[in-house]
Amino acid sequence: QVRLVESGGGLVQPGGSLRLSCAASGTIFSINDMGWYRQAPGKQRELAAVITSGGNINYADSVKGRFTISRDNAKNTLYLQMNSLKPEDTAVYYCHLERRFGIRYDYWGQGTQVTVSL
């Protein structure tokens, strides 16, 4: 069984930084394409960043230049470094197993709350 556990969320002031972590178990992590999604109240869940098993990375325009997605396969962990945070970044952030061998999956973490406010 696949388990994804996010951590690292919290309250931060505008312009500040946070690093989110997603610990994965029950899967061969290195072969998975992984993504970070976020969802604010009343809004649809949206993709923030994705990293493939080969290290190819894509970002949503809203976070490009501010967020960095990375992975440590030896630690079975996915990261999202968030810099220059804005109030509109406030959301629950979710870790997601995107694809394995080109096949889409739907494994989600429980989410971690990020609040950007004075």
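Residues numbered from 1 in each chain as written. Predicted model: local features only at pLDDT ≥ 70, side-chain atom pairs only at ≥ 80, totals over all residues. Heavy atoms only, no water.

> Honestly, the pattern of salt bridges in this entry has me stumped. Any pointers?
Side chains bearing opposite charge may pair, as long as their charged atoms lie close to each other. Enumeration over the complete set of coordinates arrives at 5 salt bridges. Note that R99 is salt-bridged to D33, the shortest N-O span being 3.3 Å. Taken as a pair, R99 in strand β9 (residues 91–100) and D33 in strand β4 (residues 32–39) lie far apart in primary sequence, 66 residues in all. Classification of R99 as partly exposed rests on a relative accessible area of 24%. For D89, the salt bridge goes to R66, with nearest N and O atoms at 2.7 Å. On the criterion of sequence distance, the pair formed by D89 in the loop between β8 (77–82) and β9 and R66 in the loop between β6 (57–59) and β7 (67–72) is long-range, its members being 23 residues apart. (Salt bridge = Lys/Arg side-chain N within 4 Å of Asp/Glu carboxyl O. Helix = DSSP H or I, 4+ residues; strand = E, 2+ residues; numbered from the N terminus. Buried < 20%, exposed > 50% of the residue type's maximum accessible area, 1.4 Å probe, protein only.)

> Please clarify how the state of the cysteines should be interpreted in this entry.
Working definition of a disulfide: a covalent bond connecting the sulfur atoms of two cysteines. According to the stated counting rule, one finds 1 disulfide in the structure shown. For C22, the disulfide goes to C95, at an S-S distance of 2.1 Å. Residues C22 and C95 are joined through a disulfide that is left-handed, its torsion about the S-S bond being -75°. Placement of C22 in strand β3 (residues 18–25) and of C95 in strand β9 is noted, with a sequence separation of 73 residues between them. The two residues C22 and C95 agree in class, both being buried. (Disulfide = S-S within 2.5 Å.)

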